[in-house]
Amino acid sequence: MPRLHRVLALVGLLLLSHSVCAQKLRLVADAWPPFTDSTLVNGGLATDIVTTALARAGYASDFEQVPWARAMLGISEGRYDVLVNAWYAEERTHVGQFSAEYLLNRVRFIKRKDADIEFDNLQQLYAYPVAVVRGYAYAKAFDEDAQMQKIPVHNFAMAVRMLAADRVKLTLEDEYVARYYLARESPKVRNAVEFLPKPLSENSLHILVSLKNPEHEQIVAGFDREIAAMRADGSYERLLKAHGM
């Protein structure tokens, strides 16, 4: 009997292991290069970090790119398991469980290298025209400050070209996003500008795991554990470098 018990216990462990490894998580995100974009290597920086950490935790995954509203609805209804790129918001805790931070988004001002501009508070910048992308939310204090000279433009590429040409004095963008697009600009534009040291705002980036998935707590715990391990063993930094960050 003891031998039979050992055999049954082994079979049970194998079945449990197979059940964990067999679960394929349905990942979702909107297009937000360089973080999430199906046209980029491994779906972009954030997608690559998330799928790598989940794989190390024992979860296979499929990735689908959809508009943001559809992604959030899918998480709330359980059609998707993991939202790849979520900033923390209290209302989102009613539909999903947040992981710990795995990336930090910093919105930073960018100036011409030859411009003598400093930033410690917004009042210092009232004299300078700032190119902003129409409809983009940067930070509550900046967005609601009526004294800022905001010059609306279609996209960041237009903003930074205007800055390089000295048609505006500042623009601003998430640092990773700005570096991604600057790398695709001409050397004349790229070498003419630089970031101001102090960020306007910081937002931590998380995965959001649907509460409809009965293993949401285990998924988040496994993800957090493997992100910490990746930071410790250097694989996290290697992924950043692989994506040009």
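No experiment lies behind these values; they were computed from the predicted model shown.

## A closer look at the nonpolar core
Move 1: Grouped together as the largest cluster of nonpolar side chains are 34 residues, with contacts concentrated most on F109, V130, Y138, F142, L172, V193 and L200.
Move 2: Broken down by element, the residue count for this core peaks at 6 residues, all from helix α5 (residues 156–164).
Move 3: Not counting the four nearest positions on each side in its chain, Y138 is found in contact with V107, V132, V133, D143, L172, L200 and S201.
Move 4: Among the nonpolar cores identified, the runner-up in size contains 30 residues, and A29, L205, I227 and L240 belong to it.

## Considerations on the UniProt feature "domain: Solute-binding protein family 3/N-terminal" (unreviewed entry) in the protein chain
Move 1: UniProt's feature table lists "domain: Solute-binding protein family 3/N-terminal" (unreviewed entry) at residues 24–243, given in the numbering used throughout.
Move 2: Measuring from the first to the last C-alpha atom of residues 24–243 gives 25 Å, for a span that is 33% helix and 29% strand.

## As for the side chain of D81
Move 1: Residue position: D81 is located in the loop between α3 (68–77) and β3 (82–87).
Move 2: Using a relative accessible area of 5% as the deciding quantity, one classes D81 as buried.
Move 3: Separated by 2.8 Å, the side chain of D81 and the backbone nitrogen of R26 make a polar contact.
Move 4: Among the polar contacts made by the side chain of D81, one reaches the side chain of N213 at a distance of 3.0 Å.

## Some remarks on the side chain of N105
Move 1: For N105, the location among the structural elements is in strand β5 (residues 103–112).
Move 2: Among the residues examined, N105 registers a relative accessible area of 1% and is labelled buried.
Move 3: Among the polar contacts made by the side chain of N105, one reaches the side chain of D174 at a distance of 3.2 Å.
Move 4: Setting aside residues no more than four positions away along its own chain, N105 makes contact with W32, F35, W87, D174, S201, E202, N203 and L205.

## A word on unusual backbone geometry
Move 1: Each neighbour pair has its own omega, and for P33 with P34 the value is 10°, a cis peptide bond.
Move 2: Locating P34 in the fold gives a position in the loop between β1 (24–29) and α2 (45–56).
Move 3: Even without being a glycine, N42 presents a positive backbone phi close to 55°.
Move 4: Its place among the elements puts N42 in the loop between β1 and α2.
Move 5: We note that D166 has phi near 65°; this positive angle belongs to a residue other than glycine.
Move 6: Summarising the element assignment, D166 is placed in the loop between α5 and β8 (170–174).

## Details of the pairing of strand β6 (residues 129–133)
Move 1: In terms of residue burial, β6 counts as a mostly covered element, since 4 of its 5 residues are buried.
Move 2: When β6 meets strand β7 (residues 149–153), the two strands line up parallel, connected through 5 bridges. Bridge pairing in β7 places V130 opposite K150.
Move 3: Bridge count for β6 against β8 is 2 bridges, and the pairing is parallel. Its bridge partner being in β8, V130 is matched across the sheet by L170.

## Comments concerning the packing of helix α8 (residues 216–233) against helix α9 (residues 235–242)
Move 1: Contact geometry for α8 and α9: axes closest at 5 Å, N-to-C directions at 80°. The orientation of α8 relative to α9 falls into the category roughly perpendicular. Mapping the contact onto sequence places M230, R231 and D233 in α8 and S235, Y236, R238 and L239 in α9.

## Concerning the pattern of salt bridges
Move 1: In the structure shown here, the tally under the stated rule is 15 salt bridges.
Move 2: Here R106 makes a salt bridge to E202, at a shortest N to O gap of 3.2 Å. Taken together, the residues span a long stretch of sequence, with R106 in strand β5 and E202 in strand β9 (residues 193–210) at a distance of 96 residues.
Move 3: Assessed through its relative accessible area of 31%, R106 is described here as partly exposed.
Move 4: Across the pair K111 and E194 runs a salt bridge whose closest N-O atoms are separated by 2.7 Å. Here K111, found in strand β5, pairs with E194, found in strand β9; they are 83 residues apart in sequence, far enough to count as distant.
Move 5: Judged by its relative accessible area of 6%, K111 falls in the buried class.

Calculation criteria
- Residues numbered from 1 in each chain as written.
- Predicted model: local features only at pLDDT ≥ 70, side-chain atom pairs only at ≥ 80, totals over all residues.
- Heavy atoms only, no water.
- Core = buried A, V, L, I, M, F, W, Y, C linked by side-chain atoms within 4.5 Å.
- Buried < 20%, exposed > 50% of the residue type's maximum accessible area, 1.4 Å probe, protein only.
- Helix = DSSP H or I, 4+ residues; strand = E, 2+ residues; numbered from the N terminus.
- Contact = heavy atoms within 4.5 Å.
- UniProt positions renumbered as here; feature names shortened; annotations may be inferred.
- Polar contact = N/O pair within 3.5 Å; in protein donor to acceptor, adjacent residues only side chain to side chain.
- Pairing = 2+ DSSP bridges.
- Axes fitted to C-alpha atoms, helices over the stretch in contact; angles between N-to-C directions.
- Parallel < 35°, antiparallel > 145°, perpendicular 65-115°, else oblique.
- Salt bridge = Lys/Arg side-chain N within 4 Å of Asp/Glu carboxyl O.

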